Amino acid sequence: MREIVLDTETTGLDPLRGDRLVEIGCVEMFNRMPTGQSFHVYINPERDMPAEAFAVHGLSAEFLTTKQLFHEVVDEFLEFIGDAPLVIHNASFDISFINAELDRIKRAAIPRERLVDTLLLARRKHPGVSNRLDDLCSRYAIDNSRRTKHGALLDAELLAEVYVDLVGARQSQLLLASEAEEMRVNGAADAPRRQRPVPLTPRISDAEREAHRAFIATLGDKAIWKEFLPAPAAASAG
């Protein structure tokens, strides 16, 4: 399954009060593993940058004036995310800004049914504690030392690692890696085979077994198939 881990940076907290999108970062995952494909863009918000927002991400109005407008990057962005689920930390914040930008250029909003909110997942898994991205990185021993300021692409990369732990996919990845290593060392002929915890229910009925026995009885004592039967067990001493 293809999923897109997404993060944004903005000029503030409320798109309804004039705050705008200034950065989008996306990381592609397939079956809960990063593919190495990403999307990243800075966006000219066509307004000033409040000091509070600059302190968070370090993107100045002067830097952003040289970047493209949202309508100039929207097609590439929408093509990258396709119809995949969007994995976002505090998804309502980011999607409100993206949909506000889409509304400005008369494009269809992204439905909230597509969102996977990792903040909600974290609150269910770790109730009563802080579940910021930095906290989750620390909890799952993910190196976030590069995160001196917020950045959409870096935060999406870190969130992709956190997401794998949140949904319990890390153990599956380790098992697959272990099996792949065993196959590499021992060769394809020695590929590991996992046993079913519960055997499958037999699909042959008792009536079918009895019919088979009756058929075998008609073949006589010299039937070739008898050469492959196991030797009868020796009778125990009385």
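Here is a short report on the structure shown in this document.

In terms of regular secondary structure, the protein chain is built from nine helices and five strands. Mapped from its N terminus to its C terminus, the protein chain presents α and β elements in the order β-β-β-α-α-α-β-α-β-α-α-α-α-α. In the protein chain, the proportion of contacts linking residues at least 24 apart, taken out of those at least 6 apart, comes to 64%. As displayed, the protein chain has an accessible area near 15200 Å², and 55% of this comes from carbon and sulfur atoms.

What follows covers the layout of surface pockets. Roughly 630 Å³ of volume is contained in the largest pocket. Looking at the lining of the largest pocket, the elements with two or more residues in it are β1 (2-10), α1 (51-57), α4 (91-104), α5 (118-125), α6 (133-139) and α7 (152-166). Tallied by class, residues from the lining of the largest pocket come to 10 nonpolar, 10 polar and nine charged.

This paragraph deals with the pairing of β1. Counting buried positions along β1 gives eight out of nine residues, so the element sits mostly inside the fold. When β1 meets strand β4 (residues 86-88), the two strands line up parallel, connected through two bridges. Residue pairing for β4: V5 is matched across the bridge by V87.

With that out of the way, let us pick up α7. Over its 15 residues, α7 runs 20 Å from end to end, which matches the ideal 21 Å to within 8%, given 1.5 Å per residue. Counting buried positions over the 15 residues of α7 gives 13, a clear majority of the element. Immediately downstream of α7, the backbone of G168 shows phi near 75°, a positive value.

Our focus in this paragraph is the packing of aromatic side chains. Where two aromatic rings form a pair, the distance of their centres and the angle of their planes describe that pair. According to the stated counting rule, one finds four aromatic pairs in the structure shown. Considering the side-chain rings of F93 and F97, the 5.0 Å spacing of their centres and the 50° angle between planes classify their relative orientation as tilted. Pair noted here: F93 and F97 are both in helix α4, with a separation of four residues, about one helical turn. By relative accessible area, F93 is classed as partly exposed at 23%. Through a chain of ring-to-ring contacts, three or more aromatic side chains come together here, namely F39, F77 and F80. Above the ring of F80, the side-chain terminus of R2 is found at 5.6 Å from the ring centroid.

A few words on the environment of R124. Secondary-structure assignment places R124 in helix α5. Separated by 42 residues in the primary sequence, R124 and L166 have C-alpha atoms spaced 9.9 Å apart.

What follows is about the sheet that holds β4. Overall, mixed pairing links the five strands, which are arranged β3-β2-β1-β4-β5 in an open sheet. Edge strands, defined here as strands with exactly one partner in the open sheet, are β3 (33-42) and β5 (115-117). The average angle at which neighbouring strand axes cross in this sheet is 25°, direction not considered. Here α5 sits on the sheet and contacts β4 and β5; the angle it forms with β5, its principal contact strand, is near 40°.

Here we come to the packing of helix α3 (residues 70-81) against α4. Taken N-terminus to C-terminus, the directions of α3 and α4 make an angle of 115°; their axes are 11 Å apart at the nearest point. Between α3 and α4 lies a crossing of left-handed hand. Note on element contacts: α4 touches α3 through I98, E101 and L102, opposite F70, V74, F77 and L78. Among the residues forming the contact of α3 with α4, the class breakdown is six nonpolar, no polar and one charged.

Close contact between α5 and α7 brings their axes to 11 Å; oriented N to C, the two are set at 40°. Judged by the angle between their axes, α5 and α7 are oblique. The handedness of the crossing between α5 and α7 comes out as left-handed. Note on element contacts: α7 touches α5 through L159, Y163, D165 and L166, opposite T118, L121, A122 and K125. Classifying every residue of the contact of α5 with α7 gives five nonpolar, one polar and two charged.

Conventions we followed
Along every chain, residues carry numbers that run from 1 in the direction the sequence is written. Restriction of local features to residues with pLDDT of at least 70 applies here, the model being predicted, together with a cutoff of 80 or more for giving and counting side-chain atom pairs; totals for whole chains, interfaces and linings are based on all residues. Values shown for side chains rest on all heavy atoms present in the structure; no hydrogens or waters enter the calculation. Segments assigned H or I by DSSP are reported as helices when at least four residues long, segments assigned E as strands when at least two residues long, and all are numbered from the N terminus. For this analysis, residues touch if any pair of their heavy atoms sits within 4.5 Å. Using the Shrake-Rupley algorithm and a 1.4 Å probe, accessible areas are obtained, with residue cover drawn only from the displayed protein chains. In this analysis the probe radius is 1.4 Å and the grid spacing 1 Å, with only protein atoms considered; a cavity is a set of points the probe fits into but cannot get out of, a pocket is an open set with protein on both sides within 12 Å along at least five of seven lines, and lining residues have an atom within 4 Å of a point. Grid points are joined across faces, edges and corners, and a volume is the space filled by probe spheres set on the points. Gly falls in the polar group here, along with every residue not listed as nonpolar (Ala, Val, Leu, Ile, Met, Phe, Trp, Tyr, Cys, Pro) or charged (Asp, Glu, Lys, Arg). Remark: exposure states derive from per-residue accessible area (1.4 Å probe, protein chains only) relative to the maximum for the residue type, with buried under 20%, exposed over 50%, and partly exposed in between. Whether two strands pair comes down to DSSP finding at least two bridges between them. To estimate the expected span of a helix, subtract one from its residue number and multiply by 1.5 Å. The aromatic pairing rule takes the rings of Phe, Tyr and Trp, using the six-membered ring of Trp, and pairs them if the centres are within 6.5 Å, calling planes under 30 degrees apart stacked, those over 60 edge-to-face and the rest tilted. Any Lys NZ or Arg CZ found within 6 Å of a ring centre and within 35 degrees of that ring's normal is scored as a charge over the ring. Here an angle of 0 to 180 degrees is reported between the N-to-C directions of two axes, which are lines fitted to C-alpha atoms, with helices fitted over the stretch in contact. Each helix crossing is assigned a hand: it is left-handed if the near helix lies turned anticlockwise from the far helix by less than a right angle, otherwise right-handed if that turn is clockwise. Should an angle lie under 35 degrees it is considered roughly parallel, over 145 roughly antiparallel, and from 65 to 115 roughly perpendicular; all remaining angles are considered oblique.

On their own, these measurements won't tell you what the molecule is for.
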